[in-house]
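Tertiary structure, described
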2 protein chains.
Amino acid sequence: MPAEAALAERGEPRIVIVGGGFGGLEAAKVLGKAGLEVTLVDRQNHHLFQPLLYQVATAALSAADIAEPIRKILRRHRNVRVILGEVARVDADKRSLTLTDGMVLPYDVLILAPGAAHSYFGHDEWAGFAPGLKTVEDARAIRSRSLLAFEHAEKTDDPAEQQRLMTIAVVGGGPTGVELAGSLAELSRFTLARDFRQVDPEKARIILLEAGPRLLSGFSEKMSRYAAERLERLGVEVKTGAAVEEIGEDFVRFSGEAVPTGVVVWAAGVAASPLGRTLGVETDRTGRVPVDEKLAVRGLPDVYAIGDLARCEDEEGNPLPGLAQVAKQQGRHLATQLARHLREGAPMSPFRYRGRGNTAIVGRHAAIFEQGSFKIKGWLAWLAWAFIHVYLLVGAQHRTQVSLQWLWRYVTYERGARLLTHPDGAPKAGKGPLPQAADEPARRPDRTVR
Amino acid sequence: MPAEAALAERGEPRIVIVGGGFGGLEAAKVLGKAGLEVTLVDRQNHHLFQPLLYQVATAALSAADIAEPIRKILRRHRNVRVILGEVARVDADKRSLTLTDGMVLPYDVLILAPGAAHSYFGHDEWAGFAPGLKTVEDARAIRSRSLLAFEHAEKTDDPAEQQRLMTIAVVGGGPTGVELAGSLAELSRFTLARDFRQVDPEKARIILLEAGPRLLSGFSEKMSRYAAERLERLGVEVKTGAAVEEIGEDFVRFSGEAVPTGVVVWAAGVAASPLGRTLGVETDRTGRVPVDEKLAVRGLPDVYAIGDLARCEDEEGNPLPGLAQVAKQQGRHLATQLARHLREGAPMSPFRYRGRGNTAIVGRHAAIFEQGSFKIKGWLAWLAWAFIHVYLLVGAQHRTQVSLQWLWRYVTYERGARLLTHPDGAPKAGKGPLPQAADEPARRPDRTVR
């Protein structure tokens, strides 16, 4: 039954959106404003501003500074319902979704915006040794591992072990890898520098590994070179043409050499959400679902895909990159067209992406920005980066808080969130045992010797 | 070998402090300034400002706002070493400590300040159902459980199940219980009020259970009555004389009645750190180690205890309460006396506690403050409470951040840290399954169905 028929029959089509990221949220806002009946499902209760997640991983910001409850963002739209849950499968023939807890959500129109996941290129066994950076938990795990490695180094007298623990390898020379490496270098050189007695954090090795011939392949060569130079000035060892061959508990092997490591972070592979592969349609190499120019999934009636899940091609047939602005524009376009289509029966116009420029940050006073032939780098790009990111944050409180913390960090070189926590089951860093919660015998009786 | 002999022999006595709470940190600062050789051991990398931990548990503040790295606080004292680790045992005859990872720390003088833990009054099986509030992880668990209960309530159509999920029982009517209950009531009445569609968070039941005849037994009766009245005005059901008989996964039983609950929080029993019981000296009913007027542990040479571990009596023979100011004064006094004693051989003077007043907060415009016969309540006490707590926070950045967030909350009724996270192994709320991380198949292969 096409959406129009459903609309006619029940008065209102039920629109379900999967995912509260940049694309899904934008669609929900537009459809919410249009007064349509919308249900948004997400595995998390919050929208996460992922472009700044590396700052949570490197102790500069708190997770709450870049996360906003989805319910709160959509509060004013009484016609939008938010459901915390994970989609187990889509039954396109029955026009319903089933969540992992068994809840069934019928839809007339479905918008899929579940985002991306890590890809370890067929080496899922590396995942335990090299966490990626997608969620708040990921960021906290990387932060805890990094801080813990320095703590363990301080406790040993063996210089080789100290050097191993203070070696952090970042795999992948895209924007996330570059930002993580730069920020980790600043953390060890500036913030932690005077806090240890046995070891000198300034001697920490930060190694950035990129399999391709240069960093930031999405930018021009000139900008790549600039980023590499600035990283090296910060003390980062930039290795291009260095494909990772193996990752273990305490080493990473590339170019035939095994380097002992305290921490390895994965910023290399991205794949679309596994939800795409459950739809029964063909997906591309990275799991993306091909969509037509109206963002409809080919072969599934009234199902649309946007953001990292969608393989959407530009006029030259190249797939659009996995950027927040792509997802946002798609969400806004699709929702606007859908609202007109469902309300007035107007035909849906095709989506056209308008690039607003691309930016990445290396460190203090060092960033790059490109839009077509317009390119800036250095101090000005760094300021622009900061303003753009504060502007894009959701909510005035987050803007104020993040600005304040950045100002503080700029002046003092301190970081506000050097919080090392050990949730049960969190990945362990290095070889040493994690401190345990002996003061809480009652909470974790299984761990307490009586 | 007494400390003086060691000093004479090796030039410097090795002072080891266990615990970086209010007492241990204060002692480390004073001894650090005096130039003595100090090692501070803590299970966490941060000093936690526990008086505001309930605000982390109720989504008002981020953990990093009230946690400061111990290393950073003691950075300027090059003679102070900080070790992240947990003490497994004290070998007083060998004058050494052994950590759980096998590290041995010899000492000439030992200061024990490991703090307190929860006590479930012999019902350790309740711990999994009713987390207490001592650590950052505890606060995050309580926050996640509470927010998750509302999320689950939104997903069910069963009114009884909705009411169960939206019932939060706080066990214990001391300051922590009162503050938690008041803050949870404000969270549901104000912050969450308009964010749900199926359920009305204003109808959440917050039940405060106190076994004794009145709340806040450390305060005067008039103040207890005031606190109870204010809580009731916020919608909290205050039950005194209500001893908890049983806690299960989804209920709490008291006064013969089992109330179905979504969340239970434990704020009732406190016991000294279990480290006390490993010392081989007699401890009191709550595990505290008796100390003499110099804060020395009776029967163990050169071992001192301060803070929640120490049973320290005032002139009338009453034990001092487990307050931050007691620990702080003890730490400062002991360190000052020890420094003079070790440096100049001066005799150590006895410790005298000077009460600086006692305060607790119920909610907006409602707090109490007592010092001897001086008592204030209401608006003025609330302002005083806020200023005192901001003043006592470590670090100008934390003061600014917390003040700013409080101001924001005061004006908007919003809370900045409504972050629901599900670390692996975190306690599950309610009966529904937790959302799992399906987008991260590679990280948690054991959880993914292939």
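Taking an unreviewed UniProt entry as the reference, chain A is identified by name as NADH:ubiquinone reductase (non-electrogenic) belonging to Nitratireductor thuwali. Word for word, the UniProt comment on chain A under Sequence similarities (unreviewed entry) is "Belongs to the NADH dehydrogenase family."

A few points about the overall build of chain A
Assigned secondary structure in chain A consists of eleven helices and 24 strands. Since a compact globule built from 450 residues should have a radius of gyration of about 22 Å, the 23 Å found for chain A is in line with a globular shape. Taking the principal axes of its C-alpha atoms as reference, chain A extends roughly 75 × 65 × 45 Å. Here chain A holds 450 residues, and 62% of them are scored as buried. For chain A, long-range pairs separated by at least 24 residues make up 62% of all intrachain contacts whose partners lie at least 6 apart in sequence. Accessible surface, chain A: about 17400 Å² in total, of which carbon and sulfur atoms supply 52%. Seen as two clouds, the 58 positive and the 54 negative side-chain charges of chain A have centres 5 Å apart.

Points about the packing of aromatic side chains
Overall, the coordinates contain 20 aromatic pairs over all chains when judged by the stated rule. Stacked on the ring of Tyr413(A), the Lys or Arg Arg364(A) has its end atom at 3.7 Å from the ring centre.

Considering the sheet that holds strand 5 (residues 80–84) of chain B
All names here are of chain B. If you walk across this open sheet you meet the five strands as 5-2-1-9-20, and the pairing is parallel. Looking along the sheet, the strands with just one partner apiece sit at the ends: strand 5 and strand 20 (303–305). The sheet shows a mean angle of 20° between the axes of neighbouring strands, direction not considered. Where strand 1 (residues 14–18) lies against strand 2 (residues 37–42), five bridges are found, and the strand directions are parallel. Bridged to Ile15 within strand 2 is Val38.

A short note on a positive patch on the surface
Residue and element names in this part refer to chain A. On the surface, Lys222, Arg225, Lys375 and Lys377 cluster together into a patch of positive charge. When contributions to the positive patch are tallied by element, the ones reaching two or more residues are helix 8 (221–233) and strand 24 (374–378). Mapped onto the elements, Lys377 comes out in strand 24.

Quick notes on a nonpolar patch on the surface
There is a patch of nonpolar side chains on the surface, built from Trp379(A), Tyr410(A) and Val411(A) and spanning about 320 Å² of accessible area. Tracing the chain through its elements places Val411(A) in helix 11 (residues 396–412).

Examining the side chain of Glu370(A)
Residue and element names in this part refer to chain A. Mapped onto the elements of the fold, Glu370 is located in strand 23 (residues 366–371). Buried charge without a partner: Glu370 forms no salt bridge, and the closest opposite charge is Lys375, 4.7 Å away. Leaving out residues up to four positions away in the same chain, Glu370 has contacts with Gly218, Phe219, Ser220, Met223, Gly357, Asn358 and Lys375.

Structural notes on unusual backbone geometry
In the Ramachandran plot, Leu216(A) falls in the positive-phi region, its phi being about 45° despite a non-glycine side chain. Assignment of secondary structure puts Leu216(A) in the loop between strand 12 (205–210) and helix 8. Residue class for Leu216(A) comes out buried when judged on its relative accessible area of 1%. Here the phi dihedral of Ser255(B) falls at roughly 50°; this positive angle occurs in a residue that is not glycine. Relative to the helices and strands, Ser255(B) resides in the loop between strand 15 (251–254) and strand 16 (257–260).

Notes on the sheet that holds strand 5 (residues 80–84) of chain A
Residue and element names in this part refer to chain A. Overall, parallel pairing links the five strands, which are arranged 5-2-1-9-20 in an open sheet. Pairing within the sheet leaves two strands with one partner each, and these edge strands are strand 5 and strand 20 (303–305). The sheet shows a mean angle of 20° between the axes of neighbouring strands, taken without regard to direction. Pairing of strand 2 (residues 37–42) with strand 5 involves five bridges; the strand directions are parallel. In the strand pairing of strand 5, Asp42 is matched with Leu84. On the sheet, helix 9 (residues 324–344) packs against strand 1 (14–18), strand 9 (109–112) and strand 20 and is oriented at approximately 175° with respect to strand 9.

Things to note about the UniProt feature "domain: FAD/NAD(P)-binding" (unreviewed entry) in chain A
UniProt marks residues 14–331 of chain A with the feature "domain: FAD/NAD(P)-binding" (unreviewed entry), using the numbering shown here. Counting secondary structure, residues 14–331 of chain A comes out at 27% helix and 26% strand; the distance between its end C-alpha atoms is 17 Å.

Regarding the environment of Glu316(A)
Residues and elements named next belong to chain A. Here Glu316 lies in the loop between strand 21 (310–311) and helix 9. The exposure class of Glu316 is exposed, given its relative accessible area of 65%. The spatial distance from the C-alpha of Glu316 to the C-alpha of Arg332 is 23 Å, given a sequence separation of 16 residues.

Remarks on the domain arrangement of chain A
All names here are of chain A. For chain A, the assigned domains read domain 1 (3–43 + 85–119 + 270–344) and domain 2 (124–268). Both sides together, the interface formed by domain 1 and domain 2 hides about 420 Å², and carbon and sulfur atoms give 54% of it. Counting the surface domain 1 buries against domain 2, the share from its top three residues, His118, Ser119 and Val270, is 79%. Counting the contacts that link domain 1 with domain 2 gives zero salt bridges. The tally of links between domain 1 and domain 2 comes to two residue pairs in polar contact (both at pLDDT 80 or more).

Cut-offs and rules
- Residues numbered from 1 in each chain as written.
- Chains lettered and ligands numbered in written order.
- Predicted model: local features only at pLDDT ≥ 70, side-chain atom pairs only at ≥ 80, totals over all residues.
- Heavy atoms only, no water.
- UniProt positions renumbered as here; feature names shortened; annotations may be inferred.
- Helix = DSSP H or I, 4+ residues; strand = E, 2+ residues; numbered from the N terminus.
- Rg over C-alpha atoms; globule rule 2.2 N^0.38 Å.
- Buried < 20%, exposed > 50% of the residue type's maximum accessible area, 1.4 Å probe, protein only.
- Contact = heavy atoms within 4.5 Å.
- Areas by Shrake-Rupley, 256 points an atom, 1.4 Å probe, with all protein chains shown as cover.
- Lys, Arg positive; Asp, Glu negative; His and termini not counted.
- Charge placed at Lys NZ, Arg CZ, Asp CG, Glu CD.
- Phe/Tyr/Trp six-rings, centres within 6.5 Å; stacked < 30°, edge-to-face > 60°.
- Lys NZ or Arg CZ within 6 Å of the ring centre and 35° of its normal.
- Pairing = 2+ DSSP bridges.
- Axes fitted to C-alpha atoms, helices over the stretch in contact; angles between N-to-C directions.
- Patch = residues over 30% accessible without salt bridge, like charges linked within 9 Å, V, L, I, M, F, W, Y side chains within 5 Å.
- Salt bridge = Lys/Arg side-chain N within 4 Å of Asp/Glu carboxyl O.
- Domains from an automatic or database assignment.
- Buried area = accessible area lost by both parts, 1.4 Å probe.
- Polar contact = N/O pair within 3.5 Å; in protein donor to acceptor, adjacent residues only side chain to side chain.

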